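Descriptive analysis of the structure
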Amino acid sequence: MKELIKRNLSAKKVLILFVLTNIVYVFMLTVTIPAIMSYSHGIKILDMMPMGYDADYVNTLLNTLGEEGRQTYLVKQIPIDLIYPFLFGVSYCLVIAYFLNKIGKLESLFYLCLLPVVAGFFDYLENVGIIALLNTYPDISARLIQVTSVFSIAKSTITTIYFILLIVVLIMFGINKMRSVK
């Protein structure tokens, strides 16, 4: 895996994947999520709940969405959100690897490159849970809600840790650049 990542650290590849990933993300934020939110009357969808949710919240959301809103969630948001975790995992893995390589820390901090891949994995698990919730409504199990919520929390927590570490790496990169200019 390390060699595969090293082979793909050209600035052009990293930038193209980064831009593509964020185009998909912006599409979700501006098109598919608002489409669902138009049915939810302001209740946040499960994908946007970083601290998780409980059975009351899920039942309220799915009831408020109605049949058409649940279908919109299932056929508009979920298909895009089955592409995004892969793109996120690959592109953000390469982003941090690129900058770690630039500061000479790729070998010692390689494991940081795996954080977005792990976050993407939990995003897929969250999506599977949401699909199950949408398909079994109104007969959804409390256990399914709990497990899906844990996946949402894990995805969000790992993503947050990743971005904090990326900021630290970018600061280190900036400091190194400033030192090399002097």
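Presented here is an overview of the structure given in this document.

What to know about a nonpolar patch on the surface
- A cluster of nonpolar side chains, contributed by Met1, Leu114, Val117 and Val118, occupies part of the molecular surface with about 310 Å² of accessible area.
- For Val117, the location among the structural elements is in helix α5 (residues 115-136).
- The exposure class of Val117 is partly exposed, given its relative accessible area of 35%.

Notes on the environment of Asp81
- Looking at the element boundaries, Asp81 is found in helix α3 (residues 55-81).
- On the basis of relative accessible area, Asp81 is assigned to the buried category, the value being 3%.
- In this structure, the C-alpha to C-alpha distance between Asp81 and Tyr25, residues 56 residues apart in sequence, is 8.9 Å.
- Sequence-distant contacts of Asp81, that is, excluding residues within four places in its chain, are made with Met28, Asp47, Asp123 and Asn127.

A look at the layout of surface pockets
- Looking at the largest pocket, its volume works out to about 450 Å³.
- Looking at the largest pocket, it is lined by 22 residues, and the ones nearest its centre are Tyr25, Asp47, Tyr84, Lys155 and Thr159.
- If you list the elements that add at least two residues to the lining of the largest pocket, you get α2 (11-40), α3, α4 (84-102), α5 and α6 (142-181).
- Of the residues forming the lining of the largest pocket, the biggest block, 5 residues, is contributed by α6.
- Lining the second largest pocket we find 15 residues, and of these Met1, Gly89, Val90, Cys93 and Val117 sit closest to its centre.
- Those elements giving two or more residues to the lining of the second largest pocket turn out to be α1 (2-7), α4 and α5.
- By residue class, the composition of the lining of the second largest pocket is 12 nonpolar, 3 polar and no charged.

So, the packing of aromatic side chains
- Under the counting rule described, the total for this entry stands at 13 aromatic pairs.
- Among the aromatic residues, ring-to-ring pairing joins Phe18, Tyr25, Tyr84, Phe88, Tyr92, Tyr162 and Phe163 into one connected group.

Thoughts on the state of the cysteines
- All chains considered together, the criterion is met by 0 disulfides.
- Looking at the unpaired Cys93, the closest cysteine sulfur is the one in Cys113, lying at 5.0 Å.
- Owing to a relative accessible area of 4%, Cys93 belongs among the buried residues under this scheme.
- Overall, Cys113 belongs to the buried group, its relative accessible area being 0%.

Let's talk about the nonpolar core
- Counting 51 residues, the largest nonpolar core has Tyr73 and Cys113 as its most contacted members.
- Going through the elements one at a time, α2, α3, α4, α5 and α6 are the ones with two or more residues in this core.
- Here this core takes 12 residues from α4, the largest share from any one element.
- Excluding its chain neighbours within four sequence positions, the residues that come into contact with Tyr73 are Ile36, Ile45, Leu46, Asp47, Leu65, Ile78, Ile130 and Leu134.

Considerations on the packing of α5 against α6
- Put simply, α5 and α6 touch, their axes get as near as 8 Å, and they point 155° apart. Overall, the two elements α5 and α6 adopt an arrangement that is roughly antiparallel. Considering how the two elements wind past one another, α5 and α6 form a crossing that is left-handed.
- Looking at the contact of α5 with α6, its residues break down into 17 nonpolar, 5 polar and 3 charged.

Quick look at the environment of Ile140
- Position of Ile140 among the secondary structure elements: in the loop between α5 and α6.
- In this structure, the C-alpha to C-alpha distance between Ile140 and Val58, residues 82 residues apart in sequence, is 9.4 Å.
- Apart from the residues lying within four places of it in its own chain, the contact partners of Ile140 are Val58, Asn59, Leu62, Leu133 and Ile145.

Rules used throughout
Residues numbered from 1 in each chain as written. Predicted model: local features only at pLDDT ≥ 70, side-chain atom pairs only at ≥ 80, totals over all residues. Heavy atoms only, no water. Patch = residues over 30% accessible without salt bridge, like charges linked within 9 Å, V, L, I, M, F, W, Y side chains within 5 Å. Areas by Shrake-Rupley, 256 points an atom, 1.4 Å probe, with all protein chains shown as cover. Salt bridge = Lys/Arg side-chain N within 4 Å of Asp/Glu carboxyl O. Helix = DSSP H or I, 4+ residues; strand = E, 2+ residues; numbered from the N terminus. Buried < 20%, exposed > 50% of the residue type's maximum accessible area, 1.4 Å probe, protein only. Contact = heavy atoms within 4.5 Å. 1 Å grid on protein atoms, 1.4 Å probe; cavity = no way out; pocket = protein on both sides within 12 Å on 5 of 7 lines; lining within 4 Å. Points joined across faces, edges and corners; volume = space filled by probe spheres on them. Nonpolar A, V, L, I, M, F, W, Y, C, P; charged D, E, K, R; others polar. Phe/Tyr/Trp six-rings, centres within 6.5 Å; stacked < 30°, edge-to-face > 60°. Disulfide = S-S within 2.5 Å. Core = buried A, V, L, I, M, F, W, Y, C linked by side-chain atoms within 4.5 Å. Axes fitted to C-alpha atoms, helices over the stretch in contact; angles between N-to-C directions. Parallel < 35°, antiparallel > 145°, perpendicular 65-115°, else oblique. Left-handed = near helix turned anticlockwise from the far one by under 90°.

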